[in-house]
Amino acid sequence: MGGYGNPWMVMPPVARDIADSRMADMRARALVSRARHERYRLYLCSRYGVRLRALSMISGRIDMRADAEVPTSIQCEVASDAGLMDVDWASARIQAAMEIMLEDGSWGEWPLGVFLPSTPSYRTTATGTTLSIEGYDQTVILREDRVLSPVVIERGERYADAILGQINQAGIYTVLMDDLDAVLPADVTYDMGTSRLEIVNSLLTAVNYQAVFANGAGALICRREYLPYERQVDHLYMDDHLSVLAPELGTDMDAFDVPNVIQAVVSRAEGEPLTAQWINDDPASKLSVANRGRRVVRIDQLADALDEAALTAYVRMEGYKTLAIVGSVSFATAPMPDHGVGDMVFLRIFADKDDGPGASGRYLETGYSMELSPGASMTHTAEKVVIL
């Protein structure tokens, strides 16, 4: 090749497909290897995601909490030098990556997130100066950007256009969205001071989509909501395949204030409010109205819904979530990339010889914590999902 050009460009398509397949296989095998060699990298990036320089990381941790408004965060300490003193941290980004050595001796890279750092705190000791940095994924941009006057999204506008418009106005242009052709059935108004995150999530809820979140590459994700037992499995962990350590199983969730009646209401400028109701009347459910002997009511006031069917689907989804989650589990794995917000995990952990607990089935991941250090573990929390 003479060192010029992109060698992939001169490969026949079949050869390129074979090479891509082999690389994918090597990456997959490297992830589940019990004797893998790994390392972690932090990069200082521009606001557009261009890597400016590598940071010398002393320690780091990434946390995800699926129920948080901004789900993913990073805490890290890096060694300082003269070049970092002049960084404009207000516009900078921190990118985290995991690297694993592949069979051919090269290093494969997996992105772990792009974060907006808060102003770092400096600490000077006899051994040098370090910076402690805390950062949040890019949905924080939507949370902090509030509209300066009332926003009216008009009847007939496509939901996808309205959602992307709000995200773009916050300066974010990398968005992955499931196909969405629905249009607003009526005008929707958001008051001055409403965050763009609230607007985006309100519009997503109206069409039964999940709340927006950021993936490891920093892109914002807008995807359809599915009932827990309809979701595809994102990760498979089996104790004869990948080491899964220290399971601690909960027997039942705290059911004291779990609702058995959910009502959703959408006020309309013209006409009667749109309402839908779900009631847990399943005789097999311990939380049903009859078996409990009382109603535990939750009322959700929504800004918008596509139509009555969409609102009915919403309360059905929320109600089935209360039925499908029957217990919790915490477990640990080797650090694993590609975990998103609210992923579906299939676990098979055999009970130990001392009659310790085991786990098998589908679990909805509610959080994780990953130490950015070779040989460290990644801890997960998840809720058991049953098929109704």
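This one's a predicted model, so the numbers in the text were calculated from it and none came from an experiment. (Residues numbered from 1 in each chain as written. Predicted model: local features only at pLDDT ≥ 70, side-chain atom pairs only at ≥ 80, totals over all residues. Heavy atoms only, no water.)

Undergrad: I'd like a rundown of the overall build of the protein chain, residues and numbers included.
TA: Along the backbone of the protein chain there are six helices and 22 strands. Counting the 388 residues in the protein chain, one finds 45% classified as buried. The long-range share in the protein chain, meaning contacts at least 24 apart out of those at least 6 apart in sequence, stands at 68%. Total accessible area on the protein chain is roughly 20,000 Å²; 51% of this is exposed by carbon and sulfur atoms. (Helix = DSSP H or I, 4+ residues; strand = E, 2+ residues; numbered from the N terminus. Buried < 20%, exposed > 50% of the residue type's maximum accessible area, 1.4 Å probe, protein only. Contact = heavy atoms within 4.5 Å. Areas by Shrake-Rupley, 256 points an atom, 1.4 Å probe, with all protein chains shown as cover.)

Undergrad: Mind laying out the environment of tryptophan 110, listing which residues take part and the relevant values?
TA: Relative to the helices and strands, tryptophan 110 is located in strand 6 (residues 107-117). Classification of tryptophan 110 as buried rests on a relative accessible area of 4%. C-alpha of tryptophan 110 to C-alpha of glutamate 99: the two residues are eleven residues apart in sequence and 6.3 Å apart in space. Sequence-distant contacts of tryptophan 110, defined by excluding residues within four places in its chain, comprise Arg27, Leu31, Ala97, Met98, Ile100, Leu102, Pro337 and Asp338.

Undergrad: I'd like a description of the side chain of threonine 130, backed by residues and values.
TA: Tracing the chain through its elements places threonine 130 in strand 8 (residues 128-137). Among the residues examined, threonine 130 registers a relative accessible area of 12% and is labelled buried. Within the structure, threonine 130 has its side chain in polar contact with the side chain of glutamate 77 (distance 2.8 Å). (Polar contact = N/O pair within 3.5 Å; in protein donor to acceptor, adjacent residues only side chain to side chain.)

Undergrad: Outline the sheet that holds strand 12 (residues 213-214), supporting the account with residue identities and numerical values.
TA: With mixed pairing, the three strands of this open sheet are ordered in space as 10-13-12. Two strands in the sheet have a free side with no partner beyond their single neighbour: strand 10 (175-177) and strand 12. Relative to strand 13 (residues 220-222), strand 12 is paired through two bridges, and the arrangement is antiparallel. Note that in strand 13 the partner of alanine 214 across the bridge is leucine 220. Helix 3 (residues 159-169) contacts strand 10 and strand 13 of the sheet and is inclined by roughly 160 degrees relative to strand 10. (Pairing = 2+ DSSP bridges. Axes fitted to C-alpha atoms, helices over the stretch in contact; angles between N-to-C directions.)

Undergrad: Describe helix 3, and please don't skip the residues or the numbers.
TA: Taken together, the buried positions of helix 3 are occupied by Tyr159, Ala160, Ala162, Ile163, Gln166 and Ile167. Buried residues along helix 3 sit in contact with helix 2 (139-144), strand 9 (151-153), strand 10, helix 4 (196-206) and strand 13. Immediately downstream of helix 3, the backbone of glycine 171 shows phi near 90 degrees, a positive value.

Undergrad: Could you give an account of a nonpolar patch on the surface, naming the residues involved and the relevant values?
TA: Nonpolar side chains collect at one region of the surface, where Tyr48, Val50 and Leu52 lie side by side and expose about 370 Å² of accessible area between them. Given a relative accessible area of 49%, valine 50 falls into the partly exposed group. (Patch = residues over 30% accessible without salt bridge, like charges linked within 9 Å, V, L, I, M, F, W, Y side chains within 5 Å. Salt bridge = Lys/Arg side-chain N within 4 Å of Asp/Glu carboxyl O.)

Undergrad: So, the environment of alanine 35: which residues are in play, and what are the values?
TA: One can find alanine 35 in the loop between helix 1 (13-32) and strand 1 (38-45). On the basis of relative accessible area, alanine 35 is assigned to the exposed category, the value being 59%. Alanine 35 sits 340 residues away from glycine 375 along the chain, and the two C-alpha atoms are 9.9 Å apart.

Undergrad: If you had to explain the sheet that holds strand 18 (residues 297-302) to someone new, which residues and values would you point to?
TA: The sheet built from three strands is open, its strands ordered 17-16-18 with mixed pairing. The open sheet has two free edges, formed respectively by strand 17 (274-279) and strand 18, since each of these has just one partner strand. Within the sheet, the average angular offset between the axes of one strand and its neighbour, ignoring direction, is 15 degrees. As judged from the six bridges shared by strand 16 (residues 261-266) and strand 18, these two strands associate in the parallel manner.

Undergrad: Residues and numbers for the pattern of salt bridges, please.
TA: Under the defined criterion, the tally for this structure stands at 15 salt bridges. Across the pair aspartate 181 and arginine 158 runs a salt bridge, and its minimum N-O distance is 3.5 Å. In this pair, aspartate 181 is assigned in the loop between strand 10 and strand 11 (188-190) and arginine 158 in the loop between strand 9 and helix 3, connecting sequence segments 23 residues apart. Relative accessible area serves as the criterion here: at 63%, aspartate 181 is assigned to the exposed category.

Undergrad: Can you break down the packing of aromatic side chains residue by residue, with the values?
TA: Geometrically, a pair of aromatic rings is defined through the distance of the ring centres and the angle of the planes. Per the counting criterion, the structure on display carries one aromatic pair. A cation over a ring is seen here: arginine 39 above tryptophan 107, with NZ or CZ 3.8 Å from the ring centre. A cation over a ring is seen here: arginine 316 above tyrosine 320, with NZ or CZ 5.0 Å from the ring centre. (Phe/Tyr/Trp six-rings, centres within 6.5 Å; stacked < 30°, edge-to-face > 60°. Lys NZ or Arg CZ within 6 Å of the ring centre and 35° of its normal.)

Undergrad: Run through the packing of helix 3 against helix 4, naming residues and quoting values.
TA: Geometrically, a packed helix pair is captured by the angle between its two axes and the distance between the axes. Running from amino to carboxyl end, helix 3 crosses helix 4 at an angle of 165 degrees, the nearest separation of the two axes being 10 Å. Between helix 3 and helix 4, the crossing angle belongs to the class labelled roughly antiparallel. Between helix 3 and helix 4 lies a crossing whose hand is left-handed. Touching Tyr159, Ala162, Ile163, Gln166, Ile167 and Gln169 of helix 3 are Arg196, Ile199, Val200, Leu203, Leu204 and Ala206, all from helix 4. Split by residue class, the contact of helix 3 with helix 4 holds nine nonpolar, two polar and one charged. (Parallel < 35°, antiparallel > 145°, perpendicular 65-115°, else oblique. Left-handed = near helix turned anticlockwise from the far one by under 90°. Nonpolar A, V, L, I, M, F, W, Y, C, P; charged D, E, K, R; others polar.)

Undergrad: Describe in detail the pairing of strand 2 (residues 51-55), supporting the description with residues and values.
TA: Pairing analysis gives four bridges linking strand 1 to strand 2, with the strands arranged antiparallel. Bridge pairing in strand 2 places tyrosine 43 opposite alanine 54. Connecting strand 1 to the antiparallel partner strand 2 that follows it, the hairpin turn spans five residues, and glycine 49 within it adopts a positive phi of roughly 90 degrees.

Nothing here speaks to function; it is all geometry.
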